[in-house]
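What follows is the residue order along each chain.
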Amino acid sequence: DLVASVPWISRFDIYYAIGVDGISMPMIVLTTLILFFAVIASWGIEKNVKAYFALLLLLETGVLGTFFATDLFLMYVFYEIVLIPMYFLIGLWGGGRRKYAAMKFVLYTLVGSVFILVAIIGLYFTNVRDYVDTATVDDRAEERMKENPRLSKDAAETREYHTFSIPILQRAGQGAMLHLTGQSNRLADRDSKEEGKVNILGRGVKAEDAKNRMNQPFFSTTFQYALFLLLFVGFAVKVPIVPLHSWLPDAHVEAPTPISMVLAGVLLKLGGYGIIRLAYPICPWAAEELSLFVGCLGAFAIVYGAFVAMGQTDFKRLLAYSSVSHMGYVILGFAVWSTGAKSQYWAWGMNGAMFQMIAHGITSAGMFFVVGVIYDRAHHREINGFGGLMTTMPLYGGLSAILFFASLGLPGLCGFVGEVFVVLGTWNYHPGLAIPAILATVVTAGYLLWTWQRVYLGVNPATASYPDVTAREAVVLGSFCLLAIALGVLPQTLVLSWMEPSVTAQVEALARLKP
């Protein structure tokens, strides 16, 4: 993994720490691709062009910073930066109800951010000295003694270690699970070679001393439940999970096409990334205890989003609820906690969830561009007002068909891979959760094919004069189609070969904690 770190706010041990691994790298590549296509799709923006692109670049900075950050405080700062440009991009360049949609987006996201902030504060005030090398703790004690000569080197206050470092907090979370499951005897420092030990303590830390310091709130069941729920709910708003999803359809309907592409293709992934990066590895005990509950939320979102999408007549609103359904597979894949020999099934679910985020990023951004192309000609999004587009716009219809089929999960296209991985992992965890996820694919195929039929087939004099796609539009649509095909045909080569090791390593690190 590639990492870099420099002190930022030393008094609170805050670092400008960034890094890349197989979990963050796919999200970074996805972000840069979608933002690139969003810039091309912004050709029609004519009002305050400089401000628009400045906000778009600020938005990209916030998203990429969130994926790069390995310091919790830094990650939160970048996560919050995203709010500012998104509010103005919807509120100034959106549709008739843009101010309402922008305000609703900000309020929902801010509520989630408050939950995350409370969790961050709770984490910072946890003494994690046992999960840091003794030499590092000694150095910190020396610094404190220089600031306050009255302190002694061995005083408990002097040797406390508080940090925002995500890797250190993840190790402390694993220690909490061992403590809560009665396995504190398995604690060992990172240099230990003993069989059956979990090497998460800092070098030079004695396991017995670490066990004696587990009387902090962080190592209690109540704190672990509260911390997990704060992080999970905070990020679930961004996914979004039912019933925290109602901001999404309004935001999509009112946002201009390029911003809808970014919202669906990138911003929703911040929620999933936060859950896999923070909620599960920092609170594994609570995550395992609530795994069935989280799985039910994911399965319900899949079914609910599909059925509600079927009832929509606004093209963008249909795609918004389709996103709710497809992101449900991500939550379901995270939830299928398994241990021992069955940990491979959880790895399938986790890798499927990660792949689903990438696939959905490609197909959803492409589908919103499909809507934008026809909106530029028809100036409305009513599905029943279209029809006959395959006759008048054959290239547009052909490229759109590929994205439609990728979205419904046709084998050979990107939407199939992630869903299959998730369903296979879920079936071995709880068939009752896998069955609705499988049946929902029929509903998804139903509403997407029905939409295709109403928009592209038949004859409609109102659409007879529409010109086919321009070269610029064809390049964007063609690129999305190529990505959808490539990821469906070569998932191992293009994504899984460099994503799977990091995801599977995290699964194995957490699965070993359960007795």
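Everything discussed here concerns the structure shown above.
Residues numbered from 1 in each chain as written. Predicted model: local features only at pLDDT ≥ 70, side-chain atom pairs only at ≥ 80, totals over all residues. Heavy atoms only, no water.

A. Highlighting the environment of Leu-55. Within the element layout of this structure, Leu-55 appears in helix α2 (residues 49-68). Under the relative-accessibility criterion, Leu-55 is labelled buried at 15%. On a C-alpha basis, the gap between Leu-55 and Tyr-375 in space is 24 Å, while along the polypeptide they are 320 residues apart. In this structure, Leu-55 is in contact with Pro-85, Phe-88, Leu-89 and Trp-93, ignoring residues within four places of it in sequence. (Helix = DSSP H or I, 4+ residues; strand = E, 2+ residues; numbered from the N terminus. Buried < 20%, exposed > 50% of the residue type's maximum accessible area, 1.4 Å probe, protein only. Contact = heavy atoms within 4.5 Å.)

B. Structural view of the state of the cysteines. Throughout the structure, instances matching the rule amount to zero disulfides. Of the cysteine sulfurs around Cys-414, a residue in no disulfide, the closest is that of Cys-481, at 10.0 Å. Take Cys-481: its relative accessible area is 3%, and that puts it in the buried class. (Disulfide = S-S within 2.5 Å.)

C. Representation of the environment of Asp-71 in the model. In this fold, Asp-71 is placed in the loop between α2 and α3 (72-81). Once the C-alpha coordinates of Asp-71 and Asp-13 are considered, the two residues, 58 residues apart in sequence, prove to be 9.6 Å apart. Residue contacts for Asp-71: discarding those within four places in its chain leaves Asp-13, Ile-14, Tyr-15, Ala-17, Phe-164, Ser-165 and Ile-166. Within the local environment of Asp-71, its side chain forms a polar contact with the backbone nitrogen of Tyr-15, the two atoms lying 3.2 Å apart. (Polar contact = N/O pair within 3.5 Å; in protein donor to acceptor, adjacent residues only side chain to side chain.)

D. The nonpolar core, seen in detail. One finds Phe-228, Leu-267, Tyr-280 and Tyr-396 to be the most contacted residues of the largest nonpolar core, which totals 171 residues. Among the elements that take part in this core, helix α15 (residues 343-378) stands out by supplying 19 residues, more than any other. Not counting residues up to four positions away in its chain, the partners in contact with Leu-267 are Leu-59, Val-63, Val-82, Met-86, Phe-105, Lys-238 and Val-262. If you look at the next biggest cluster of nonpolar residues, it comprises nine residues, including Val-422, Val-423, Leu-433 and Ala-440. (Core = buried A, V, L, I, M, F, W, Y, C linked by side-chain atoms within 4.5 Å.)

E. The arrangement of helix α10 (residues 247-254) in detail. Where burial is concerned, most of α10 is hidden: eight out of the eight residues are buried. Among the residues making up α10, those that are buried are Trp-247, Leu-248, Pro-249, Asp-250, Ala-251, His-252, Val-253 and Glu-254. The inward-facing, buried residues of α10 contact α4 (83-93), α5 (98-124), α11 (257-282), α14 (315-335) and α15.

F. A look at the pairing of strand β1 (residues 2-9). Sheet topology note: the β1/strand β2 (residues 14-20) ladder contains seven bridges and is antiparallel. Looking at the pairing, Ile-9 lines up with Ile-14 of β2. What sits between β1 and β2 in their antiparallel hairpin is a turn of four residues, with Asp-13 showing a positive phi close to 55°. (Pairing = 2+ DSSP bridges.)

G. Spotlight on the packing of aromatic side chains. Within the structure shown, the criterion is met by 29 aromatic pairs. Aromatic side chains Phe-37 and Phe-480 sit 4.9 Å apart centroid to centroid with 50° between the ring planes, which places their arrangement in the tilted category. Of this pair, Phe-37 sits in helix α1 (residues 24-41) while Phe-480 sits in helix α20 (residues 471-489), and the two are 443 residues apart along the sequence. The exposure class of Phe-37 is buried, given its relative accessible area of 6%. Exposure remark for Phe-480: the relative accessible area of 0% places this residue in the buried category. Aromatic ring contacts, followed pair by pair, group Trp-8, Phe-12, Phe-73, Tyr-124, Phe-125 and Phe-164 into a single cluster. Note that Lys-238 overlies the ring of Tyr-79, its terminal NZ or CZ placed 4.4 Å from the centroid. Against the face of Trp-450 rests Arg-454, its NZ or CZ located 3.7 Å from the ring centre. (Phe/Tyr/Trp six-rings, centres within 6.5 Å; stacked < 30°, edge-to-face > 60°. Lys NZ or Arg CZ within 6 Å of the ring centre and 35° of its normal.)

H. Focus on the pattern of salt bridges. Summed over the entire model, instances satisfying the criterion amount to 12 salt bridges. The partner of Arg-97 in a salt bridge is Asp-250, and the shortest N-O contact between them spans 3.8 Å. In this pair, Arg-97 sits in the loop between α4 and α5 while Asp-250 sits in helix α10, placing the two residues 153 residues apart along the sequence. Residues Arg-377 and Glu-473 are paired through a salt bridge, measuring 2.9 Å at the closest nitrogen-oxygen approach. Taken as a pair, Arg-377 in helix α15 and Glu-473 in helix α20 lie far apart in primary sequence, 96 residues in all. Overall, the relative accessible area of 4% leaves Glu-473 in the buried class. What you see here is one network of salt bridges that share partners, running through Arg-97, Lys-104, Asp-250 and Arg-317. (Salt bridge = Lys/Arg side-chain N within 4 Å of Asp/Glu carboxyl O.)

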